[in-house]
Amino acid sequence: MDFDKLIHAKGQLTVCAAPEGADAMLFADMVRARHGKDVSSAALYVARDDAQAAAFLATSAFFADDITLLPFPAWDCLPYDRVSPKVEIISQRMAALARLTKDSEDASPIIVVTTVNALLQRVPPKDIIRAASFHAAPGNVLDIDALTAFLARNGYARASTVREPGEFAIRGGIIDI
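A quick note: this is a predicted structure, and the numbers were derived from the prediction, not measured. (Residues numbered from 1 in each chain as written. Predicted model: local features only at pLDDT ≥ 70, side-chain atom pairs only at ≥ 80, totals over all residues. Heavy atoms only, no water.)

## Looking at the packing of helix H1 (residues 22-34) against helix H2 (residues 50-63)
Look at H1 against H2: their axes get within 9 Å of each other, and the N-to-C directions meet at 55 degrees. Judged on the interaxial angle alone, H2 and H1 are oblique. Relative to H2, H1 is oriented so that their crossing is right-handed. Of H2, the residues touching H1 (which contributes Asp23, Ala24, Met25, Phe27, Ala28 and Arg32) are Phe56, Thr59, Ser60 and Phe63. In terms of residue class, the contact of H1 with H2 is made up of six nonpolar, two polar and two charged. (Axes fitted to C-alpha atoms, helices over the stretch in contact; angles between N-to-C directions. Helix = DSSP H or I, 4+ residues; strand = E, 2+ residues; numbered from the N terminus. Parallel < 35°, antiparallel > 145°, perpendicular 65-115°, else oblique. Left-handed = near helix turned anticlockwise from the far one by under 90°. Contact = heavy atoms within 4.5 Å. Nonpolar A, V, L, I, M, F, W, Y, C, P; charged D, E, K, R; others polar.)

Have a look at this one:
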């Protein structure tokens, strides 16, 4: 299918009422067709709710195994609620935002899968996300003092043994996060 003829002048294509499963296949084909044509390598899929987003992610894993899928869930609490969002949700949101701000040589296209509720929630500016991101790879040499300062600055608590998300422990040259 020639998606370029269907794309609006603003670079947008709206698809409505596609049956579940077919939407993932269509979306993957569109992203592949647009990839590498002087356009963004990221596409946004907006689901009506978490169930539809989860179904789209599961189906896309089959149809789009060559495309990076980034889930971007909504908070699981209200803005002025007395409880904080789950750590897993915070982690998924920040991982997606960090990946989108990362200048990468990885040329694979990206599909961000989110919900209407998640789109309505504010996110930090790009420069804050970049400053709060840390990238390590096997073989890298790390400055332990700089890493400790980075973790403390980003809300991690130092512990003797890591038992909860958000804790870190340093024992000699071993770092548990």
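The structure having been displayed, the exposition proceeds.
## Brief notes about the pattern of salt bridges
For side chains of opposite charge, pairing can occur when their charged atoms come near one another. Under the definition given, this model contains four salt bridges. The salt bridge partner of Asp29 is Arg32, with a shortest N-O separation of 3.1 Å. One end of the pair, Asp29, and the other, Arg32, are both in helix H1, three residues apart, so they sit about a helical turn from each other. For Asp29, a relative accessible area of 36% corresponds to the partly exposed category. Residue classification places Arg32 among the partly exposed residues on the basis of a relative accessible area of 31%. Residue Arg171 pairs with Asp176 through a salt bridge whose shortest N-O separation is 2.6 Å. Given the relative accessible area of 43%, Arg171 is considered partly exposed. Each of Asp29, Arg32 and Asp66 takes part in a single network of salt bridges with overlapping partners. (Salt bridge = Lys/Arg side-chain N within 4 Å of Asp/Glu carboxyl O. Buried < 20%, exposed > 50% of the residue type's maximum accessible area, 1.4 Å probe, protein only.)

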